[in-house]
Amino acid sequence: MPGITREEVAHLGRLSRLELKDEELDHFAGQLDEIIGAVARVSEVAGEDVPPTSHPLPLTNVMRPDVVRPSLTPQQALSGAPAQEQQRFKVPQILGEE
């Protein structure tokens, strides 16, 4: 497999709008070549009989049933609020909308 050339790195730099120095072109060419080699090695390991997965173990949603339990009344919840309006917490406006 041919290595990444300086010209290809320079082209990627231009596409990315990066100004690369000459020594960076050589350095990044070597790094990109190693990355592409690592990806190729991983591709070799994956076999046709191995299905693609997003997680090594099957995941299921664990849900509990909804149960009505005692909770705070609106007055209790708002008792420590610095400001309230119509049984709600009143906060400063941030978007300038009504």
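Every value quoted in this text rests on a predicted model; they were computed, and no experiment measured them.

*Asks:* Residue-level account of the overall build of the protein chain, with values.
*Replies:* Check the secondary structure of the protein chain and you find 3 helices and 2 strands. Along the chain direction, N to C, the helices and strands of the protein chain fall in the order α-α-α-β-β. Computed over C-alpha atoms, the radius of gyration of the protein chain comes to 29 Å, more than 25% over the 13 Å expected from 2.2 N^0.38 for 98 residues, which places it beyond the range of a compact globule. Split into buried and exposed, the 98 residues of the protein chain put 7% on the buried side.

*Asks:* Give me the lowdown on the confidence of the model for the protein chain, citing residues and values where you can.
*Replies:* On average, residues of the protein chain score 87 in pLDDT, and 95% of them reach the 70 mark or higher. Helix H1 (residues 6-15) holds the highest mean pLDDT among the elements of the protein chain, 94, whereas helix H2 (residues 22-45) holds the lowest, 89.

*Asks:* Can you lay out H2 for me, pointing to particular residues and giving the numbers?
*Replies:* With 24 residues, H2 extends 36 Å from end C-alpha to end C-alpha; this agrees with the ideal 34 Å at 1.5 Å per step. Along H2, the positions that sit buried rather than exposed are Leu25, Ala29 and Gly37. Where H2 is buried, its residues contact H1.

*Asks:* Outline unusual backbone geometry, supporting the account with residue identities and numerical values.
*Replies:* With phi around 60°, arginine 17 is a residue other than glycine that occupies positive phi space. Its location among the elements puts arginine 17 in the loop between H1 and H2. One non-glycine residue, glutamine 87, lies in the positive phi region at around 55°. Examined against the element boundaries, glutamine 87 turns out to sit in the loop between strand S1 (84-85) and strand S2 (88-89).

*Asks:* Let's hear about the pattern of salt bridges: which residues, and what values?
*Replies:* Evaluation of the coordinates by the stated rule reveals 3 salt bridges. Between arginine 6 and aspartate 26 there is a salt bridge, with its nearest N and O atoms 2.9 Å apart. Of this pair, arginine 6 sits in helix H1 while aspartate 26 sits in helix H2, and the two are 20 residues apart along the sequence.

*Asks:* Residue-level account of the packing of H1 against H2, with values.
*Replies:* Each pair of packed helices can be described by the angle between their axes along with the distance between the axes. Packing of H1 against H2 leaves a shortest axis separation of 9 Å and a crossing angle of 100°. It follows that H1 is roughly perpendicular to H2 by the angle criterion. Each of Arg6, Val9, Ala10 and Leu12 in H1 lies in contact with H2, whose residues at this interface are Asp22, Leu25, Asp26, Phe28, Ala29 and Leu32. Among the residues making up the contact of H1 with H2, the classes are represented as 7 nonpolar, no polar and 3 charged.

*Asks:* Lay out the environment of alanine 81 in plain terms, naming residues and giving numbers.
*Replies:* Among the structural elements, alanine 81 can be located in the loop between helix H3 (74-78) and S1. Sequence spacing of alanine 81 and valine 91 is 10 residues, and the spatial spacing of their C-alpha atoms is 9.8 Å.

The rules we used
- Residues numbered from 1 in each chain as written.
- Predicted model: local features only at pLDDT ≥ 70, side-chain atom pairs only at ≥ 80, totals over all residues.
- Heavy atoms only, no water.
- Helix = DSSP H or I, 4+ residues; strand = E, 2+ residues; numbered from the N terminus.
- Rg over C-alpha atoms; globule rule 2.2 N^0.38 Å.
- Buried < 20%, exposed > 50% of the residue type's maximum accessible area, 1.4 Å probe, protein only.
- pLDDT = per-residue confidence, 0-100.
- Expected span 1.5 Å × (residues − 1).
- Contact = heavy atoms within 4.5 Å.
- Salt bridge = Lys/Arg side-chain N within 4 Å of Asp/Glu carboxyl O.
- Axes fitted to C-alpha atoms, helices over the stretch in contact; angles between N-to-C directions.
- Parallel < 35°, antiparallel > 145°, perpendicular 65-115°, else oblique.
- Nonpolar A, V, L, I, M, F, W, Y, C, P; charged D, E, K, R; others polar.

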